[in-house]
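Residue-level structural notes
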Amino acid sequence: MIAALAGTRVRAQEAAPVPPVAARSQASVQVLASGLNHPWGLAFLPDGRFLVTERPGRLRVVEPGGRLNPPLAGLPRVAAGGQGGLLDVITDADFARNRRIFFCYSEPAAAGGGNSTALASATLAPDAPALQDVRVLFSQVPKVASRLHFGCRIVQAPDGNLFLTLGERFERKDDAQRLDNHLGKVVRLAPTGGAAAGNPLAGRAGALPEIWSWGHRNPQGAAWGPDGRLWLHEHGPQGGDEINRPEPGRNYGWPVITHGENYGGGKIGEGTAKAGMEQPLHYWVPSIAPSGMAFLTSDRYGAEWRGSLFLGSLKFARLHRLQLHEGRVVRDEYLLDGLGARIRDVRQGPDGWLYLLTDSPDGQLLRLRQ
């Protein structure tokens, strides 16, 4: 067992969120590639090329000069529609040796309709036109007839195990509080599939062994922090977008507690706090609709930015830089306010620069400049 379960422990109420402010410094972008159809996830290949998912169900290798290679064949069936499709992608930490990638997507039911988030692995051979050794490692249960709230961000921990964020599919929000399903959960998986050893609910009657934490809504950004912990953000309803650091066996409250409200107004759940349910590290009111997430560990942008947490805002079409001190957000600064493009993904490349994907039928791959 990794850690004791939370029991009825409750954290102290966090202070009011730090209001976003316009950046004090100028930032610009360099367009590296265009013509991507709703790009969603970005990974880096050792030869300087990029691996990009397109939500309608295509995976492309993008050349350093911006040329889009034809979509790779060999993907499993994808339920593309609404918020669903081919979503996140990462390369294995040992990619240089094993050429393995992991990707998640909305998986259609084999029969009877519905869909859910799935995670697969594959081998990306140099210059091959198709993925090889494709294997589905995990399928969220149950399948739901919904086009919303897939979550679907992947983080590989230093031990090689995989964290996958899972939305509660909107209509099934109450299931985020149940342990007999994967809706509204973070799961921790072995890189070959199945629950990772030492998961907090292993052996607990009525609980699925893959579950790491629960009570999440729709986490669309996740990253491994410099503190050696998983960080994620998730969409609230109308207000109440959150940043959390999911700990094993902890309940993050949705939909019992939230700092948001129903669309059009009206209370959700029991309020903003309850014993046994975790408070967010940071939250936004009104919502910014966050997506993508990366810690800056390089000095490319100067000492002030090093250690900051960056994430995109789909709603306001800008980039947020969160300055942290002792694990708390002390400044929320936004950049690229005039970009006019929904930022879907944010990643730090091997070269230390930050890279962005814009969510559009003519989406772009951008490099952030200062």
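For clarity, every value in this text was computed on a predicted model and none was experimentally measured. (Residues numbered from 1 in each chain as written. Predicted model: local features only at pLDDT ≥ 70, side-chain atom pairs only at ≥ 80, totals over all residues. Heavy atoms only, no water.)

**Looking at the pairing of strand β8 (residues 115–123)**
The element β8 is extensively covered by neighbouring structure, given that nine of its nine residues are classed as buried. Hairpin connection from strand β7 (residues 100–108) to β8: six residues lie between these consecutive antiparallel strands, with G112 at a positive phi of about 90 degrees. Here β8 runs beside strand β9 (residues 132–139); their pairing, made up of five bridges, is antiparallel. Counterpart to A120 in the pairing with β9 is V136. (Buried < 20%, exposed > 50% of the residue type's maximum accessible area, 1.4 Å probe, protein only. Helix = DSSP H or I, 4+ residues; strand = E, 2+ residues; numbered from the N terminus. Pairing = 2+ DSSP bridges.)

**As for the sheet that holds strand β24 (residues 354–358)**
Spatial strand order, β2-β25-β24-β23: four strands in an open sheet with antiparallel pairing. Among the strands making up the open sheet, the edge pair consists of β2 (28–36) and β23 (343–348). Between one strand axis and the next, the sheet turns through 20 degrees on average, direction left out of account. Here six bridges tie β2 to strand β25 (residues 363–369), and the two strands are oriented antiparallel to one another. The residue bridging S28 from the neighbouring strand is R369, located in β25. (Axes fitted to C-alpha atoms, helices over the stretch in contact; angles between N-to-C directions.)

**Some remarks on the packing of aromatic side chains**
Ring pairs (aromatic) are described by centroid distance and by the angle formed between their planes. Taken as a whole, this structure holds 10 aromatic pairs when the rule is applied. Taking the centre distance of 6.0 Å and the plane angle of 65 degrees together, the rings of F44 and F50 count as edge-to-face. For the pair formed by F44 and F50, the shared burial category is buried. Look at W305 and F310: their rings are 5.4 Å apart centre to centre, the planes differ by 55 degrees, and that puts the pair in the tilted class. Its relative accessible area of 1% is what places W305 among the buried residues. A relative accessible area of 0% means that F310 is categorised as buried. In textbook terms, an aromatic cluster arises when at least three aromatic residues are bridged by ring pairs, as seen for Y301, W305, F310 and W353. (Phe/Tyr/Trp six-rings, centres within 6.5 Å; stacked < 30°, edge-to-face > 60°.)

**Considerations on the side chain of H38**
Secondary-structure assignment places H38 in the loop between β2 and β3 (39–44). Separated by 2.7 Å, the side chains of H38 and D359 make a polar contact. (Polar contact = N/O pair within 3.5 Å; in protein donor to acceptor, adjacent residues only side chain to side chain.)

**As for the sheet that holds strand β15 (residues 230–234)**
If you trace the four strands from one edge of the open sheet to the other, you get β14-β15-β16-β18, paired in antiparallel fashion. The two strands at the open ends of the sheet, each matched to only one other strand, are β14 (219–224) and β18 (282–284). Put simply, the sheet's adjacent strands are angled 10 degrees from each other on average, direction ignored. Of the pairings in the sheet, the one linking strand β16 (residues 241–244) to β18 comprises three bridges and is antiparallel in character. Across the sheet, residue D241 finds its bridge partner in β18, namely W284.

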